[in-house]
Amino acid sequence: MRIKLEKRPEPSRLMLVITPIASVLLTMLVGVVVFDALGIDGQRAVVDIFLTPLLASYKWQDVAVKAAPLIIIGLGLSIGNRANVWNIGAEGQYIIGALCAAGIGIAAGTSGGPFIMVLMVLAGIAGGSAWASVPAVLKTRLGVNEILSSLMFTYVALQVLSYLVGGPWKDPNGRNFPATAPLTADQALPLLPFTSVHLGVGVALVLPFLFWLLMSKSVFGYQIRVVGSAPNAARHGGFDSNQTVWLAMLIGGGMAGLAGALEFAGALKTINLGFPSGYGFTAIIVSFLGRLHPIGVLIAGIVLAVTYVGGQVAQTTVHIPNATAGIFQAMMLFFILASDIFVRYRVRFIPAAKSAPAAGE
Amino acid sequence: MQTNPIPRLELTGITKRFPGVLANDNVGFSVLPGEIHALLGENGAGKSTLVKMIYGIMQPDAGQIRWNGAPVTVQNPKAARKLGIGMVFQHFSLFDAMTVLENIALGLDANLPQRELEAKIRAVMQQYRLLLDPHRTVSTLSVGERQRIEIVRALLLNPSLLIMDEPTSVLTPQEVEQLFVVLRKLASEGCSILYISHKLHEIKALCDTATILRGGKLVDTCDPKVETSRSMAEKMIGAGLKEIKKVAGRTFGQERMIVNRLSVPGIGPFGISLHDINFEVKAGEIFGIAGVAGNGQNALLLALSGEVPSDDADAITVDGARVGTLSAKQRRLKGMASVPEERNGHAAVPEFTLSDNTILTARDRLHMVSGGLIRSGMAKTYAGEVITSFAVKALGPGATAGSLSGGNLQKYIMGREIMQKPSVLVVSQPTWGVDAGAAAAIHQALVDLAGQGSAIVVISQDLDELLSLCDTLAVINGGRLSKPMQVAEADINEIGLLMGGIHGDTSAVAPERAHAH
Amino acid sequence: MDSAFIISAIITIVGISTPILLAGLGELVAEKAGVLNLGVEGMMLIGAIAGFAVTVYTGNPWLGVVGAGVAGALSALLFGFFVLTLNSNQVATGLALTIFGTGLSSLIGLSFVGRIVPQFGSVFPRELATDPIGRLFFGYSPIVYFALIMVVLVAWFLKSTRSGLILRAVGENDLSAHSIGYSVIAVRYAAVAFGGAMAGIGGVYFSLVITPMWAERMTAGRGWIALALVVFASWRAPRLLVGAYFFGVLMWLELNAKAGGLSFLPGAALIPSQFWAAMPYLMTVVVLALISMRDRIGSNAPACLGKPFLPAT
């Protein structure tokens, strides 16, 4: 018996939706097995990582707050990925966006109010876009591979962060701890009453629908899809592919910077060396798990936020290190990448038959 | 030629099936030692599949292959080479960044020390006058020179059967002659040659026998020296050759497109530059541009369509408007439409639906966009109209372009452009890789469009197509265009010379072709 | 700045350059075959913990190195399965490998925190290895010498052997290689596995030599520097060696700046340590820009790098 792969004439819509769900479920299953093998209570660990954050009454706020940057960055990245532009530097753009917002906060001194908040957010978007514009220029002018260049700039951004919070922007009242002075109450973003859920979460819930409209109905969305599928056809159709690369990188950078600004101004209100949480990389998983579709990204962002919060829960209950959430996130990505094959091909099982005698036997 | 009763290669009852198509149906023929045997047929007739099985790339579902009288199973290309079968593919397997020597070494199965290999290569090159510097990087070579690498690769194996797959589509007439000299020499030494082609005059000039395939079946094995081109063509196509219905006594109207001193630098390190292109096309006229592949046809299409605009607004005029510097989008608004050579990936997006593919070129002229948003209902309606008018076999406007067969997709693309009623239509290779029925439909549609007053430019490597379709003809070579000539009065020999690079116009400057040597 | 300082500096630099040299060499081979594996950091961490664990259980650091290599190769084969057999996106899969490797090594490493391991003995006679001048040449851990030997072997392999030629061909034009009859997938699997093994050994250098103990995420981003290094070296092994030591100098400058000053370099006290830390990445971007400006053929980048292998038949 052998397995035969038959290419489907059209990608299977059913599979496109089922496979992300199946990937999450499979990951949970494999997780139980792996943990049990390592001598840890597998079922408890998986439940804590995947379900507790949704069920415990206070944990959903954490999920919402963690989901916001993942969704926002993921939206920006999925536009880029659709256009075949690979922005791996979202983490760096996220950091620079947050730093720009923090800069506004420091410059504002003690004054606050909506005007300052808007300025911080705009600075974040501008900063993230600017950071992404360098790999964009290198790609459009010189043909430099944006995967490598955007990645390099992430590590440069980390150093910029380290320098600023340890040097010029260090909080003078912070006992020499490398961190910026915290935002005052009227500089920070408003919260949903009695929760830690800030305005940024609201933004993260609305943006997917705007992006959906943009991608499916607008000429720009069409342009992105054509450039990603067939660059020659895009040129034939009158779309400038350099301009598209530019816009895709700037949107990706801008969204990452927005996420950074919102995370800073809404959740953390200060920036220290622990600020980079890897959201920029996890957002890549979010965008794949969400199949590059804005609503998919919304759901996937929530799922991954759950694993982040769950990882913290499991740290206290089953004593596994925080970093193990990464194992699950990676597994979900592995499964969804593997399952792509079911989208593009139909798997047939062919019973072993006596093959026709080959010529000349 | 030795008369040896045992054939070098004998095929009997070869059958090969793919999902949805019977590529070879009970095909058989034999090739004697030292014989130059043609395998003739249109695209899709089954020639490539048959030859892939001889070379071991695939296995037949039924039938037998005999080598020097003994039945064999050719498991893979390596086994084929071991038997003594060499193959020169139509599309080369070369590595641009590596040297000629490295490329040849990769094509061999044995591991020879460099010095020994180089000596052997030079010997073969000398013997067959296939001159090349072994240390040149392949990316710097011309197409004809690259083919020599492939031939040397095959010859180093000392083959007793050499398969040549459409070798001359990339050569000038003079290079074709050089190739024939090599092949005749090989045949005189006892090597059999299996020559795959659809070029009737070449087969008549070179080959001893011709096996004709059509639709996967064997039609006939005949002697090309006795047959006429027409009789072989009829066997190849399967019906009396249809004449294209042109309206009798046509007159042409005003100039609709004037190209004046169009010059565009080549794109990339190996792009062909266009120099001083001049021609005009009147309303109702079909203007043909002939030439061997790689002489600037693609560059010309991109320059005319607007994908690569020029610096000079006067270089191209459409109905009086100066469009030389305008982009493709803007030229469409001025009444121009174009169809590039590559259907999947350039003219259409394979993953998109037929409906979405109309948005690609028709959105501005047919008002499918308003306020930055797409009116998908209009796109769908238009797609439906094209499908019906051009008898495109597709499930509907929602089918993806990639799911259509070559001929149907080409009909769709042509229909998409023609039904926009352009003033000027520029097409490149309109029927390449398309079955005869769809090709006829496309030709008729072009003629009808011209009959309605549009000006049409057809760029093609198929001279037969151009001669039957066009009113006026020019030849492109090395990025330059010859003086146009009336098809009714054209001389095939002169066209051939022009394709090879000798311009008949004495006032033109002798072309300095970029010498790759 | 006296000679003892210089010698000590050189020894440190050689040490910190070795992991990125090893990981870079492995990645170079993988990329030459056309595969971009962004999972280097993850593979290094897997190698680090695997090698450490093996050494703890067997008491033999040499076996630890072998274990690290095997673990690294296995993790690379996992990546290879997704990318080569299932044709999944190389960038996403590589990132997943990094995240996976980081998490997995942290998890397994839990029970190894605080353990100590036996050290390598010196390769050369004790007198040479501890001699104040001699230690410059003879005093290194065996892994350092291994790395240098591998540079020579890899360079020779790629340039002068038939297998190396085939590997380069596969990375240059996979469809042509396939037409001729080479197994593109098999060659790429082998290249990727080699890359993983080298990354694993590069990682175990941290846990067995630099600080002979385990701490999670102990490679601290060196895997990413190794990726940069391959590009910086224009995919050529001899240049990789030079680049690795150059980056090593930059990393050493960062360490010293952090520790409180580069008193030996006039004016250097004004330059923050972060500048040196950022330098390898910035320099790589500069090199990327320079090589992209020239004809791509001259840039040595394998033409198929990062692209999936999609044979028509």
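**A word on the overall build of chain B**
Okay, so step 1: Counting its secondary structure elements, chain B contains 16 helices and 23 strands.
Okay, so step 2: Looking at chain B residue by residue over its 517 residues, the buried ones come to 47%.
Okay, so step 3: Taking all contacts inside chain B whose residues are at least 6 apart in sequence as the whole, residues at least 24 apart take part in 68%.

**With respect to the overall build of chain C**
Okay, so step 1: Counting its secondary structure elements, chain C contains 14 helices and 0 strands.
Okay, so step 2: Each helix and strand of chain C, ordered N terminal to C terminal, gives the series α-α-α-α-α-α-α-α-α-α-α-α-α-α.
Okay, so step 3: Taking 20 Å as the expected radius of gyration for a compact globule of 313 residues, we find that chain C reaches 20 Å, a close match to that expectation.
Okay, so step 4: When its C-alpha atoms are laid out on the principal axes, chain C stretches across 65 × 50 × 35 Å.
Okay, so step 5: When burial is assessed residue by residue, chain C has 55% of its 313 residues classed as buried.
Okay, so step 6: Here the analysis covers contacts within chain C between residues at least 6 apart in sequence; of these, 78% occur between residues at least 24 apart.

**Section: helix H11 (residues 222–232) of chain C**
Okay, so step 1: With 11 of its 11 residues buried, H11 of chain C lies for the most part within the structure.
Okay, so step 2: Buried residues of H11 of chain C: Arg222, Gly223, Trp224, Ile225, Ala226, Leu227, Ala228, Leu229, Val230, Val231 and Phe232 of chain C, and no others.
Okay, so step 3: In this structure, the buried residues of H11 of chain C make contact with helix H7 (146–166) of chain A together with helix H1 (3–32), helix H2 (40–58), helix H12 (237–259) and helix H13 (273–293) of chain C.
Okay, so step 4: At the exit of H11 of chain C stands Ser234 of chain C, carrying a positive phi of roughly 50°.

**Quick look at the sheet that holds strand E15 (residues 321–322) of chain B**
Residues and elements named next belong to chain B.
Okay, so step 1: Read across the sheet, 4 strands follow the order E12-E11-E14-E15 without closing on themselves; strand pairing throughout is antiparallel. Edge strands, defined here as strands with exactly one partner in the open sheet, are strand E12 (274–282) and E15.
Okay, so step 2: Two strands pair when backbone bridges link them, and strand E11 (residues 255–264) and E12 are joined in this way by 6 bridges, in the antiparallel orientation. When the sheet's bridge partners are listed, Met257 is paired in E12 with Val281.
Okay, so step 3: Against the sheet, helix H9 (residues 297–305) engages E11, E12 and strand E14 (316–318), with an angle of about 60° to E12.

**Overview of the confidence of the model for chain B**
Residues and elements named next belong to chain B.
Okay, so step 1: On average, chain B scores 84 in pLDDT, and the residues at 70 or more come to 89%.
Okay, so step 2: Mean pLDDT in chain B bottoms out at helix H16 (residues 492–500), which sits at 66, and peaks at strand E19 (residues 424–428), which reaches 95.
Okay, so step 3: Here residues 502–517 scores under 50 on pLDDT; set against residues more than four positions off or in separate chains, the count is 19 contacts.

**So, the environment of Glu10 of chain A**
Okay, so step 1: With respect to the secondary-structure elements, Glu10 of chain A resides in the loop between strand E1 (2–7) and helix H1 (13–37).
Okay, so step 2: In this structure Glu10 of chain A comes out as partly exposed when scored by C-beta crowding, with 14 C-beta atoms within 10 Å.
Okay, so step 3: The sequence separation of Glu10 of chain A and Ala22 of chain A amounts to 12 residues, and the corresponding C-alpha distance is 21 Å.
Okay, so step 4: Discounting chain neighbours no more than four positions away, the residues touching Glu10 of chain A are Thr400 and Ser403 of chain B.

**As for the interface of chain A and chain C**
Okay, so step 1: Each partner contributes residues to the interface: chain A has 36 residues there, and chain C has 34 residues.
Okay, so step 2: Of all the elements in the fold, those that place two or more residues in the side of chain A that touches chain C are helix H6 (114–142), H7, helix H12 (279–289) and helix H14 (325–344) of chain A.
Okay, so step 3: Per-element tally for the side of chain A that touches chain C: the top contributor is H14 of chain A, with 11 residues.
Okay, so step 4: For the side of chain A that touches chain C, the residue count by class is 27 nonpolar, 8 polar and 1 charged.

**Quick word on the nonpolar core**
Okay, so step 1: Ranked by size, the top nonpolar core spans 377 residues in total, and within it Ile73, Ala101 and Leu333 of chain A together with Leu25, Leu229 and Leu240 of chain C carry the most contacts.
Okay, so step 2: Shared between two domains, this core takes at least three residues from each, and those domains are domain 1 (9–237) and domain 2 (255–345 + 420–500) of chain B.
Okay, so step 3: Each residue touching Leu240 of chain C, except ones within four places of it in the same chain, is listed here: Leu21, Gly24, Leu25, Leu28, Val151, Leu229, Val230 and Ala233 of chain C.

**Description of the environment of Leu207 of chain A**
Residues and elements named next belong to chain A.
Okay, so step 1: With respect to the helices and strands, Leu207 occurs in helix H8 (residues 199–217).
Okay, so step 2: Using a count of 20 C-beta atoms within 10 Å as the deciding quantity, one classes Leu207 as buried.
Okay, so step 3: C-alpha separation for the pair Leu207 and Ile295, spaced 88 residues apart in sequence, amounts to 9.6 Å.
Okay, so step 4: Contacts of Leu207, omitting those with residues within four sequence positions, involve Ile72 and Leu75.

**Here we look at the interface of chain B and chain A**
Okay, so step 1: The partner chain A presents 20 residues to the 32 residues of chain B that form the contact.
Okay, so step 2: Looking at the side of chain B that touches chain A, the elements that each hand over two or more residues are strand E4 (62–67), strand E5 (70–72), helix H10 (328–333), helix H11 (354–362) and strand E18 (373–374) of chain B.
Okay, so step 3: With 5 residues, the top contributor of residues to the side of chain B that touches chain A is E4 of chain B.
Okay, so step 4: Grouping the amino acids of the side of chain B that touches chain A by side-chain chemistry returns 16 nonpolar, 11 polar and 5 charged.

**Re unusual backbone geometry**
In most cases, non-glycine residues show a negative phi, while peptide bonds are predominantly trans.
Residues and elements named next belong to chain B.
Okay, so step 1: One non-glycine residue with positive phi stands out, namely Asn158, at about 55°.
Okay, so step 2: Tracing the backbone through its elements, the reader meets Asn158 in the loop between helix H5 (143–156) and strand E7 (161–165).
Okay, so step 3: We classify Asn158 as exposed; it has 10 C-beta atoms within 10 Å.

**Remarks on helix H13 (residues 294–317) of chain A**
Okay, so step 1: Between its first and last C-alpha, H13 of chain A extends 34 Å over 24 residues, near the 34 Å set by a 1.5 Å rise per residue.
Okay, so step 2: With its phi angle positive at about 60°, His319 of chain A sits one or two positions after the end of H13 of chain A.

**Things to note about the packing of H7 of chain A against H13 of chain C**
Okay, so step 1: It is the contact of H7 of chain A with H13 of chain C, at a shortest axis distance of 9 Å, that shows an interaxial angle of 160°. With respect to H13 of chain C, the axis of H7 of chain A lies roughly antiparallel. Regarding H7 of chain A and H13 of chain C, the two cross each other, and that crossing is left-handed. Contacts between H7 of chain A and H13 of chain C involve Leu148, Ser149, Met152, Tyr155, Val156, Gln159, Ser162 and Tyr163 of chain A from the first element and Gln274, Ala277, Ala278, Tyr281, Leu282, Thr284, Val285 and Leu288 of chain C from the second.

**Comments concerning the pairing of E7 of chain B**
Each regular strand carries side chains that alternate between the two faces of the sheet.
Residues and elements named next belong to chain B.
Okay, so step 1: Of all the 5 residues making up E7, 5 are buried; the element is thus mostly covered by neighbouring parts of the structure.
Okay, so step 2: Here E7 shows two buried faces, one formed by Leu161, Ile163 and Asp165 and the other by Leu162 and Met164.
Okay, so step 3: Alignment of E7 against strand E8 (residues 192–197), held across 5 bridges, turns out to be parallel. Bridge assignment links Asp165 to a residue of E8, and that residue is Ile196.

**Focus: the packing of H1 of chain C against helix H10 (residues 184–210) of chain C**
All names here are of chain C.
Okay, so step 1: Following both chains from N to C, one finds H1 and H10 inclined at 170°, their axes separated by 6 Å at the closest point. Here H1 is positioned roughly antiparallel relative to H10, judged by the angle of their axes.
Okay, so step 2: Partitioned by chemical class, the residues of the contact of H1 with H10 number 17 nonpolar, 7 polar and 1 charged.

**Focus on the pairing of strand E20 (residues 455–460) of chain B**
All names here are of chain B.
Okay, so step 1: Within E20, 6 of the 6 residues are buried, leaving the element largely enclosed by the surrounding structure.
Okay, so step 2: The alternating pattern of E20 places Ala455, Val457 and Ile459 on one face and Ile456, Val458 and Ser460 on the opposite face, and all of these are buried.
Okay, so step 3: In terms of strand pairing, strand E13 (residues 286–290) meets E20 through 5 bridges, oriented parallel. Bridging from a neighbouring strand, Phe287 pairs with Val457 of E20.
Okay, so step 4: Strand direction decides the pairing type here: E19 and E20, joined by 5 bridges, are parallel. Counterpart to Val426 in the pairing with E20 is Val457.
Okay, so step 5: On the question of chirality, the crossover connecting E19 to the parallel E20 by way of helix H14 (residues 436–451) is right-handed.

Rules and cut-offs
- Residues numbered from 1 in each chain as written.
- Chains lettered and ligands numbered in written order.
- Predicted model: local features only at pLDDT ≥ 70, side-chain atom pairs only at ≥ 80, totals over all residues.
- Helix = DSSP H or I, 4+ residues; strand = E, 2+ residues; numbered from the N terminus.
- Buried ≥ 20, exposed ≤ 12 C-beta atoms within 10 Å, placed from the backbone.
- Contact = placed C-beta atoms within 7 Å.
- Rg over C-alpha atoms; globule rule 2.2 N^0.38 Å.
- Pairing = 2+ DSSP bridges.
- Axes fitted to C-alpha atoms, helices over the stretch in contact; angles between N-to-C directions.
- pLDDT = per-residue confidence, 0-100.
- Nonpolar A, V, L, I, M, F, W, Y, C, P; charged D, E, K, R; others polar.
- Core = buried A, V, L, I, M, F, W, Y, C linked by C-beta atoms within 7 Å.
- Domains from an automatic or database assignment.
- Expected span 1.5 Å × (residues − 1).
- Parallel < 35°, antiparallel > 145°, perpendicular 65-115°, else oblique.
- Left-handed = near helix turned anticlockwise from the far one by under 90°.
- Right-handed = clockwise from strand over helix to strand, strands pointing away.

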